[in-house]
Amino acid sequence: MTSQSTFRLKVRQIDQSCVFDLSSSNGQEISATLKYPERLTELYQNWQQIYRRRYELQARARVGSNSGSGTPTNYDWDQELRIAETALLTEFDYWLGQAELLQIRETIQRSVDSTSRKPSRKGKTAANFVDLWLECNPISLARLPWETWKLASKNAQSNAIRIARTCTAQVPPPTSVKHHRRSKIRILAILAIAPDLNHEFDQKALRSLFSVATIEFIHCGEIAAPTRNGSQSHALKQRIADAIADPRGWDVLFFSGHSDEAAMTGGKLELAPQTTLSISEIEPQLIAAKQRGLQLAVFNSCSGLHIADSLVRLGLPQVVVMREPIQDAVAHKFLEQFCRSLSCYHDVHTAVLETSKYFASENIAYPSAHLIPSLFRHPDPKVSLFRIEPSALKRLWQGWKPTRWEAIVLGTISFCSVVMPLQELLFELRYGSQAVYRQTTRQLPPVVPPVVTLLKIDQASLDRKGIDAYKIKPMSRAYLAELVDRLQQLNVRVIGVDYLLDGSTKEDGALATAVQTAAQQQTWFVFAMRQNDAGQPIQVNSTIAKPDWILKGNIDFIAWNVMLPETLDCRDHCPFAYQLALARLLSVSNGSSQPQLSPLTSLQDQVIQNLNRVHSSNKTLFWLQQPETFLDLQPVIDFSLPPNRVYQSIAAWDFLDRPLDDPTLKALQQQIVIIGSGGYDQADDNFPVPLAIQYWRAAKGQFIEDDQTTRSQVFPGVTTHAYTVHHLLSQHLLLPIPALWMVGIAGILGKGATLLIASLKNHKKRRLVLCMMGGTAVYGLIGLQSYVTAAIVIPWFLPSVLFWLYVLPALRRL
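Residues numbered from 1 in each chain as written. Predicted model: local features only at pLDDT ≥ 70, side-chain atom pairs only at ≥ 80, totals over all residues. Heavy atoms only, no water.

Participant: Can you break down the sheet that holds strand E10 (residues 268-272) residue by residue, with the values?
Facilitator: Spatially, three strands are ordered E9-E10-E11 in an open sheet, and the strand pairing comes out antiparallel. Both outer strands of the open sheet, strand E9 (258-260) and strand E11 (275-278), are each paired with one neighbouring strand and no more. For this sheet, the mean angle separating the axes of adjacent strands, direction not counted, is 30 degrees. Taken together, the four bridges between E10 and E11 define a ladder with antiparallel strand orientation. Residue pairing in the sheet places Leu 269 in a bridge with Leu 277 of E11. Where helix H7 (residues 231-244) meets the sheet, it contacts E10 and E11, and its direction lies at approximately 35 degrees from that of E11. (Pairing = 2+ DSSP bridges. Helix = DSSP H or I, 4+ residues; strand = E, 2+ residues; numbered from the N terminus. Axes fitted to C-alpha atoms, helices over the stretch in contact; angles between N-to-C directions. Contact = heavy atoms within 4.5 Å.)

Participant: Quick one: what's the story with helix H25 (residues 717-729), residue by residue and with numbers?
Facilitator: Given a rise of 1.5 Å per residue, 13 residues ought to cover 18 Å, and the 19 Å separating the end C-alpha atoms of H25 matches this to within 8%. Judged by how many residues are buried, H25 sits mostly within the fold: 13 of 13 residues are covered. The first or second residue beyond H25 is Gln 731, which carries a positive phi of 55 degrees. (Expected span 1.5 Å × (residues − 1). Buried < 20%, exposed > 50% of the residue type's maximum accessible area, 1.4 Å probe, protein only.)

Participant: Go over the state of the cysteines with me, naming the residues and quoting the values.
Facilitator: Under the definition given, this model contains one disulfide. The disulfide partner of Cys 570 is Cys 574, and the S-S distance across this bridge is 1.5 Å. Between Cys 570 and Cys 574 the disulfide shows an S-S torsion of about 80 degrees. By sign, it is right-handed. This cysteine, Cys 18, is not joined by any disulfide, and Cys 136 carries the nearest cysteine sulfur, 8.8 Å off. With no disulfide of its own, Cys 167 lies 12 Å from the sulfur of Cys 136, the closest cysteine sulfur. (Disulfide = S-S within 2.5 Å.)

Participant: Describe the nonpolar core, naming the residues involved and giving the relevant values.
Facilitator: Membership of the largest hydrophobic core comes to 82 residues, with the highest contact counts inside it found for Phe 20, Trp 95, Trp 146 and Phe 338. It is helix H2 (residues 77-96) that contributes the most residues to this core, eight residues altogether. Dropping the residues within four chain positions of it, Trp 146 is found in contact with Val 11, Phe 20, Phe 92, Trp 95, Leu 96, Leu 134, Cys 136, Leu 141, Ile 163 and Arg 165. Formed by 52 residues, the second largest nonpolar core is a distinct cluster that contains Trp 623, Leu 734, Tyr 787 and Val 793. (Core = buried A, V, L, I, M, F, W, Y, C linked by side-chain atoms within 4.5 Å.)

Fair warning: the whole summary comes from geometry, so function is off the table for now.
Right, here's the structure in full:
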């Protein structure tokens, strides 16, 4: 992974001046000469002396040096160190802020500003960073804290420019490693033996990578032991050398222990007391390891400038070292934070910067520790930064996981998709739009006589009959008896009574006689029932109709759902409309049992027996036997169908006034007649008029047969039963796809669109936006048509809102 802009800065000290040579990836070169202040050296040496005194206990720098200088332990070295650090960084910033370097600084800042405006690609850590390779000569310049140089403007993002070190000599080109990508990276961890160091914390930090790495530990203490002839020391060195050159190869080499600078040998490591290993001794093994895939070396030890320089000279891609002595506790914390960042799939440079940032935030506990870590890189900018690559599934998730904004939008829209009041409102709007679409596209059902007739007891019927208010609740049984008698005279085969007749009145006898007379002619009766709060049935009084020769149907419904039985043997809780549909089919079915006044078994049991032996030749009856829906979706009433295509209605007063030979009345013989409320004020089942029904009513009677219904401001519950009976007999079940499902799909499409937008140039982005706008409109048209032709309701509004809320932030820079 390389950044979009790279610079190479060579800083050479010649006498009392420093020469700065900046070259960029686009070929631009700038040179400047700046006088080097001796005070900077004094401040650095003062800071270094105080730093080493503060951390000299448990420091990982014992090779060839004597630790311990009699420093008083009760002295406030933390405060002294912070003062020295502030003085050093202030002088360092002042020196690098001189006018002689203005052109260099402005060139880098312009690149930072330009790069920050470019869209980053998901998962590419360095995409919006400017990388600066730094070469310093002599090493006294390299010891300065160059990583703290403030080259970016205050408005730039954190770590907008990343400074890495590189060596000053000619470096061999990177080796082209031809090997299969390992499922896990391989780490060789060398843990030197030292009585004053505790490697348990280092091992714990490395083991946190076990899920993504295979780690082999070499505990020098298990190999080496003090000997007089040094044979064990040689065996230890050989063991280390052989492990580094393992034919299987390594991705990461890690060392924890004492180390020190040694310019002639490239630095040296203490493997055990009296056993040191110089870098020059293992050069062949390191070269072999590099050829076999070694990408990163991490030395969690002290004074590693020469170690890093020598390894980069060998062509190693990246080396992480500590430029100064480092206390054991600081080393543990460094490795813990470093491994944590790597496990998050950050590249090694980001991991070093985040670790330094952590130490800066914890400056009270670890003063000046943020100045110590440095990353050395191969000078070829084409060499990718090391990073632990996630698995294919994790890489997919890294690219597709929602941003904070997307997560908020997804959560909000998902919540809205399950809030019933909002869903009911959206369904109302959808019903209305579908009604308009049906009429506009002329996709209406054919005009045929409906199977259902509503015999409505409306306010005019009550007024003409002179029924007093106290006989409305409950409805006058004598009036119902008069209606049933007339239906019996017309030989109507299926009658539904949408009134709860559980109580007793003086008029029960008249109604009982009318029902009994009709039942003698094998008329199917379905009486309304429901369950109270205690779960007990509220049903027709047995003095009116015996349970054995009638059917009972539950008139309760949820929202505008088509109520279906949970099981075939529903008995006391079969839906009212479902019972009417069964009665209609069985009344005209040859061989089916018919109602009797003295049956051997109840009519409900006979219905169940008929359904159990029904043959598939009667397709509608066979379908009602097992009314399963796709994925068990709950069907809903389709109010986009005009009422006059679903049912016809006649007012009770008009029904009674017409002669028996009236063609309208004669046609009732082959129909299901439901006696119910016509919307009078005292009715318990008056509902708000659905938007689609309002649209049909506004069509000047074209789709509503009687003018009084057109003028009505309520929607009687009996009408929902009429629609349901129609849907069951015509096998027209409208299945709504849950909005949450489509919101999930819209989230995937929206995320995919944002990723696609980020990868395109602006002129292609504009084309894509137009395509997406057209796609949203086409999706809406598909939803409207699928409602009509496939009886599937595909949510449009919430998924479309989610999609565009995902996409719009990606379009802000168009």
